[in-house]
Amino acid sequence: MKPIVVGLLGITHPHASARVRALREIENVEVVAAADTDPRLTYFTEKYDVEARSIEDVLGDDRINAIMVHSKSKDMVPHALRALAAGKSVVVEKPGGGTVEDLLQLAEAERTAAQDQIVQVGYNVRLAPSIERARELIAGGTIGEVVTVSARGSAMVGEHLTDHLNQPADMGGVLWILGCHMLDSLVHMFGAPQSVNARVHKSPRLSDGKSREDSASVLLNYPDLSVTFSFDGHDSLEWFESSRIFVYGTRGMLEIGVLPQTLRVHVDQARDGYLPGWNEWTESHFTPPFARTEANKFSELPELGNISNFHTEMRGWVNSMRTGAPIVAPVADALSVAQIVEASYRSNNAQGAEVSLAAQVPVS
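Because the structure is predicted, anything quoted here is derived from the model rather than measured.

**Looking at empty space enclosed by the protein**
And then number 1: Across all of its chains, the model carries 3 cavities of 30 Å³ or more by this definition.
And then number 2: A volume near 140 Å³ is recorded for the largest cavity.
And then number 3: Around the largest cavity, the lining is made up of 14 residues, and of these Pro-14, His-15, Trp-239, Leu-301 and Leu-304 lie nearest the centre.
And then number 4: Each residue belonging to the lining of the largest cavity can be placed in one class, and the counts come to 8 nonpolar, 4 polar and 2 charged.
And then number 5: Each of domain 1 (4-122) and domain 2 (126-287 + 330-355) gives at least three residues to the lining of the largest cavity.
And then number 6: The wall of the second largest cavity is formed by 13 residues, among which Gln-261, Phe-290, Asn-306, Ser-308 and Asn-309 lie closest to the centre.

Structure (structure tokens):
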């Protein structure tokens, strides 16, 4: 079994500790070092028992063969490019950069990397059991031909005011940094759309000029499928508790929940082990909260308590490095998400006009 030795570039994102904890439950995997110019590095390294080093020391360590990037968005791709140049595999925290151009650079770097270097983006809501099972049912024709899809995502109230969601170099705010989770799940299930119509709303009742958008409504246009996505940054419920994907088919429908993991399947007649009418699976009615309540000193946002999807994500990353298995969250999908968000902003600036997601190729 190939040993995996991991270092971190950037520690101020709350997902950093979740991935460290998830990796340490995998056999023959070590997380040994972290680098960041932020003074909170010492707190993080002491709490999670890793060595504080410089970026150069982490990248120059031949024993380290994998890097996790949890920096500010604008630094994600530069860190990833340096790691790849040093011969390491990488996982880059979502959304993978600050702009579409960043994701294009990452895609080009992946294309020219060595065959055994794995480049993965930190999307893991797509790996939720409810979403994975729904994909199987759709592919198997259990609900017939899919006609329409309606999805919702949200962020907890107050997060829209944080510096994390208002980084100057980012192309957007809450829709880009947090709405990307559910958009990625839609891309994972249905692929990238051909075009987008969108309205992105800023409400003076909810926030002042210090923050960006408050909500968004997006129509994703496919050749034979209509997908709607709504998002807001002022949800009073637990993270992902109100997030849903409804899939309507010619012979039934699906309702997919993320926290707790739920899947409701409606079929018009007995099929594939499902009885006529509603069939429901729920992971737990007492799901651990997604975010921890206690304060931490390395991130502006809460650390995560429920890291079940991170276990799946990190096992996938390690498995790809060890066996060449398909990447569970590829750069190509992250690029599609970035293009959707960028097209949504452009559509809004044109009063909701249709904006094509013209094929873009990595820069050479």
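**Remarks on the sheet that holds strand 7 (residues 146-156)**
Backbone hydrogen bonds hold the strands of a sheet together, and the pairing may be parallel or antiparallel.
And then number 1: The sheet built from 9 strands is open, its strands ordered 14-13-12-11-7-10-9-8-15 with mixed pairing. Only two strands of the sheet have a single partner each, and these edge strands are strand 14 (277-282) and strand 15 (355-356).
And then number 2: Summarising the sheet, strand 8 (residues 195-201) and strand 15 pair through 2 bridges and their orientation is antiparallel. Paired with Ser-195 across the strands is Ser-356, a residue of strand 15.
And then number 3: Those strands touched by helix 10 (residues 331-349) are strand 8, strand 9 (215-222) and strand 15, and its axis lies near 65 degrees from that of strand 8.

**A short note on the packing of aromatic side chains**
And then number 1: For the structure shown, the criterion picks out 8 aromatic pairs.
And then number 2: Between Phe-44 and Phe-298, the ring centres sit 5.0 Å apart and the planes meet at 75 degrees, which makes this aromatic pair edge-to-face. Separated by 254 residues along the polypeptide, Phe-44 in helix 2 (residues 41-47) and Phe-298 in the loop between strand 14 and helix 9 (308-323) bring together distant segments of the chain. Taken individually, Phe-44 and Phe-298 each receive the classification buried, so the pair is uniform in this respect.
And then number 3: Among the aromatic residues, those joined into a ring-pair cluster are Tyr-43, Phe-44, Tyr-48 and Phe-298.
And then number 4: The ring of Trp-278 carries the charged tip of Arg-264 above its face, separated from the ring centre by 4.0 Å.

**Re the layout of surface pockets**
And then number 1: Estimated volume of the largest pocket: approximately 210 Å³.
And then number 2: When contributions to the lining of the largest pocket are tallied by element, the ones reaching two or more residues are helix 6 (129-139) and helix 8 (180-190).
And then number 3: When residues of the lining of the largest pocket are assigned to their parent elements, the largest contribution, 3 residues, is made by helix 6.
And then number 4: Looking at the lining of the largest pocket residue by residue, the classes come out as 7 nonpolar, no polar and 3 charged.
And then number 5: Quantified by volume, the second largest pocket comes out at close to 150 Å³.
And then number 6: In this structure, the second largest pocket is lined by Gly-10, Thr-12, Ala-35, Asp-36, Thr-37, Asp-38, Ile-55, Ser-71, Lys-72, Asp-75 and His-79.
And then number 7: Split by residue class, the lining of the second largest pocket holds 2 nonpolar, 5 polar and 4 charged.

**Regarding the packing of helix 1 (residues 15-23) against helix 9**
And then number 1: Interhelical geometry of helix 1 versus helix 9 gives an angle of 65 degrees and a closest axis separation of 9 Å. Overall, the two elements helix 1 and helix 9 adopt an arrangement that is roughly perpendicular. For helix 1 against helix 9, the interelement crossing comes out right-handed. Of helix 9, the residues touching helix 1 (which contributes His-15, Ala-18, Arg-19, Ala-22 and Leu-23) are Phe-310, His-311, Glu-313, Met-314, Trp-317 and Val-318.

**Describing the environment of Ser-154**
And then number 1: Take Ser-154: it is sitting in strand 7.
And then number 2: The spatial distance from the C-alpha of Ser-154 to the C-alpha of Leu-178 is 7.7 Å, given a sequence separation of 24 residues.
And then number 3: Here Ser-154 is in contact with Phe-231, Asp-232, Asp-235, Trp-239, Ser-242 and Ser-243, once residues within four sequence places are set aside.
And then number 4: Only 3.4 Å separates the side chain of Ser-154 from the side chain of Ser-242, close enough to count as a polar contact.

**Structural notes on the domain arrangement of the protein chain**
And then number 1: As far as domains go, the protein chain holds domain 1 (4-122) and domain 2 (126-287 + 330-355).
And then number 2: Between the C-alpha centres of domain 1 and domain 2 the distance comes to 27 Å.
And then number 3: Taken together, the contacts link 18 residues of domain 1 with 16 residues of domain 2.
And then number 4: Of the roughly 1400 Å² buried at the junction of domain 1 and domain 2 (both faces included), carbon and sulfur atoms supply 72%.
And then number 5: One can count 0 salt bridges joining domain 1 with domain 2.

**Some remarks on the side chain of Ser-185**
And then number 1: Checked against the element boundaries, Ser-185 lands in helix 8.
And then number 2: Aside from chain neighbours lying at most four places away, what touches Ser-185 is Val-125, Arg-126, Ile-131 and Ile-245.

Cut-offs and rules
- Residues numbered from 1 in each chain as written.
- Predicted model: local features only at pLDDT ≥ 70, side-chain atom pairs only at ≥ 80, totals over all residues.
- Heavy atoms only, no water.
- 1 Å grid on protein atoms, 1.4 Å probe; cavity = no way out; pocket = protein on both sides within 12 Å on 5 of 7 lines; lining within 4 Å.
- Points joined across faces, edges and corners; volume = space filled by probe spheres on them.
- Nonpolar A, V, L, I, M, F, W, Y, C, P; charged D, E, K, R; others polar.
- Domains from an automatic or database assignment.
- Pairing = 2+ DSSP bridges.
- Helix = DSSP H or I, 4+ residues; strand = E, 2+ residues; numbered from the N terminus.
- Contact = heavy atoms within 4.5 Å.
- Axes fitted to C-alpha atoms, helices over the stretch in contact; angles between N-to-C directions.
- Phe/Tyr/Trp six-rings, centres within 6.5 Å; stacked < 30°, edge-to-face > 60°.
- Buried < 20%, exposed > 50% of the residue type's maximum accessible area, 1.4 Å probe, protein only.
- Lys NZ or Arg CZ within 6 Å of the ring centre and 35° of its normal.
- Parallel < 35°, antiparallel > 145°, perpendicular 65-115°, else oblique.
- Left-handed = near helix turned anticlockwise from the far one by under 90°.
- Polar contact = N/O pair within 3.5 Å; in protein donor to acceptor, adjacent residues only side chain to side chain.
- Buried area = accessible area lost by both parts, 1.4 Å probe.
- Salt bridge = Lys/Arg side-chain N within 4 Å of Asp/Glu carboxyl O.

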